[in-house]
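Chain by chain, the residues run as shown.
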Amino acid sequence: MLVILGFAMIAVFMVLIMTKKLTPVLALIIVPTVFGLFAGAGLGIGDMVMDSMKSMTSTAALLMFAIIYFGLMIDVGLFDPLVKFILRKLGNDPAKVVLGTAILAAAVSLDGDGSTTFILTTAAMLPVYLRLKMSPVVLTCVAGLANGTMNILPWGGPTARAATALKIDVNDVFVPMIPSLVAVLVVVFAFSWLLGLQERNRLRATAPEIWGVPDTAEEFDGGTSAGASGTPASGTGRGRKGGNPGGAAPAGGSVAVLDRTETLVDEHDSAMADTALDPNRSTLRPKLFWFNLVLTVAVMVVLVANVIPLPFVFMVGAAIALLVNFPKVKDQGAQLIAHAPSIVAVVSMVMAAAVLTGVLKGTGMVEAMSAWLVQIIPTSMGPFMAVITGVLSIPMTFFMSNDAFYFGVLPVLSETAAHYGVGAADMARASITGQPFHLQSPLVPAILLLVSLAKVDLGDHHKKVLWRTAVISLVMLGVGMLTGAIGIG
């Protein structure tokens, strides 16, 4: 009976979440409560939930203060120079534009919020893509790759969910996966560069009015760009400031690169008005840039060193950042209020998860379900449960929400794996390797926001991004196995 109730509870929970009949917070509270009472928990269900909630307070604190800290850093302009650097140094060459998009998306993803990342990345880079007639689908693909990879950060959500569901420290999940994260970022940047090279080739054929296309080594096919002098170009490589606006392509056939840096930066500044990157926003603190940069680097170093609990690191970091950047009490309160919606959404979800995990554990459902799975899984496959979980996380997190997978499926898989000597930390690490693929799911509101802002069809986005994110997820899993972060029982 407990097995039936357990799987039924998970099924009902996932259906309600996926069909949007209930928000994750309500589903995490109502569904386990109803099924827990059917399982005979009675008045003891309250103690089950409270015991479970004790282990989640540190995760909630981490998410809360990490959101405050990185949201504050965006508000005061820490990332603005990076945006301008990308536009000035990388803004003329399609390959560099695409690589710069990946770097920007990865950097802004440090705030742990996909929607913020996509808003800032699209606001900064879409004007450049449209100006150079580059495909916005490439922008959404690269932004999705970078953000999906960075989504395994402790405050991004999935890692915290995995740690919460299995009642382990979030540091034990994330820190051993840092080599995998670095390796996958290299793959993301490689994919971005290759996509940029493809854009070069496409623009040679489809936009000769912007990119000079040599029909022979002596002259362009189609002449020069609008406003040019009409003089045939003579294979000089990159256009120079003050020279032929059409530039010139080398005889080898590589694309000419326009020198439009100043124009692009000006257009960027005007395009950012009334956005989170508005160059005239009142929260900017340009005189404190170096202080904020040093503070952020210090926070990240302490985080990786794992010498102080992560929640306390971000508590102190956020407090210092608020005090220095906004010395007036009124302004400090305004900053906290500005980020309150994100904080409430994430923290309430974590605390509500205590109901589901508490009922699963307290009623004995997890033990009964894992015992049943142990009976049907071949003994020879048991020691590979972490690897199996990593592979399963790719499709399962695409077709169901993270809440459903981490709070409904992972605890059962982990309890089963324990019978074969596979630790909870190994299972948690393996479970987050599917996140790059998960972030492309239509169930994720942030990805819908991205394609909407870029005016890209979701189907076109999926054609370009899905196989790449599958590769990235498998690379993350493979590196995790090679480094010992994901073990075999």
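Remember, predicted model here, so these are calculated numbers, not experimental data. Residue numbers restart at each chain and count upward from 1, following the sequence in its written direction. For a predicted model such as this one, the threshold for reporting local features is a pLDDT of at least 70, and the threshold for listing and counting side-chain atom pairs is 80 or more; totals across whole chains, interfaces and linings nevertheless cover every residue. Side-chain figures throughout are based on the complete set of non-hydrogen atoms in the structure, without hydrogens or water.

(A) Quick peek at the overall build of the protein chain. Every helix listed is a DSSP run of H or I at least four residues long, and every strand listed is a run of E at least two residues long, numbered separately from the N terminus. Along the backbone of the protein chain there are 23 helices and zero strands. Within the protein chain, buried positions represent 53% of all 489 residues. Throughout, a contact is declared for two residues whenever any of their heavy atoms are within 4.5 Å. Sequence-distant contacts, at least 24 apart, represent 77% of the contacts inside the protein chain between residues at least 6 apart. Per-residue and other accessible areas were derived by the Shrake-Rupley procedure at a 1.4 Å probe size, with only the shown protein chains allowed to occlude residues. When the accessible surface of the protein chain is totalled, it reaches about 19700 Å², and 68% of it is carbon and sulfur. Exposure is judged per residue with a 1.4 Å probe applied to protein chains only, and the accessible area is read against the type maximum: over 50% gives exposed, under 20% gives buried, and values in between give partly exposed.

(B) Quick look at the side chain of Thr 433. By secondary structure assignment, the location of Thr 433 is in the loop between α20 (424-431) and α21 (435-438). Taking the relative accessible area as the measure of exposure, Thr 433 reaches 1% and is therefore buried. Of the polar contacts made by the side chain of Thr 433, one reaches the backbone oxygen of Ala 430; its length is 2.7 Å. Non-local contacts of Thr 433, meaning those with residues more than four positions away in its chain, are made with Met 177, Gly 390, Ser 393, Ser 473, Met 476, Leu 477 and Ile 486. The definition of a polar contact used here is a pair of N or O atoms within 3.5 Å, where within protein one atom must be able to donate a hydrogen and the other to accept one, and adjacent residues in sequence count solely through side-chain atom pairs.

(C) Region of interest: the packing of helix α8 (residues 136-150) against helix α11 (residues 178-206). Where helices are involved, their axes are fitted lines through C-alpha atoms of the stretch in contact, as for all axes, and angles between N-to-C directions lie from 0 to 180°. One can describe the packing of α8 onto α11 by two numbers: an axis separation of 10 Å at closest approach and a directional angle of 175°. Classified by the angle between their axes, α8 and α11 sit roughly antiparallel to one another. When α8 is examined against α11, the residues Val 138, Cys 141, Val 142, Leu 145, Ala 146, Thr 149 and Met 150 are found in contact with a partner set consisting of Leu 181, Val 184, Leu 185, Val 188, Phe 191, Ser 192, Leu 195 and Glu 199. Amino acids are sorted into nonpolar (Ala, Val, Leu, Ile, Met, Phe, Trp, Tyr, Cys and Pro), charged (Asp, Glu, Lys and Arg) and polar (every other residue, Gly among them). Considering only residue class, the contact of α8 with α11 consists of twelve nonpolar, two polar and one charged. Angular relationships are summarised with four words: roughly parallel below 35 degrees, roughly antiparallel beyond 145, roughly perpendicular across 65 to 115, and oblique for the angles in between.

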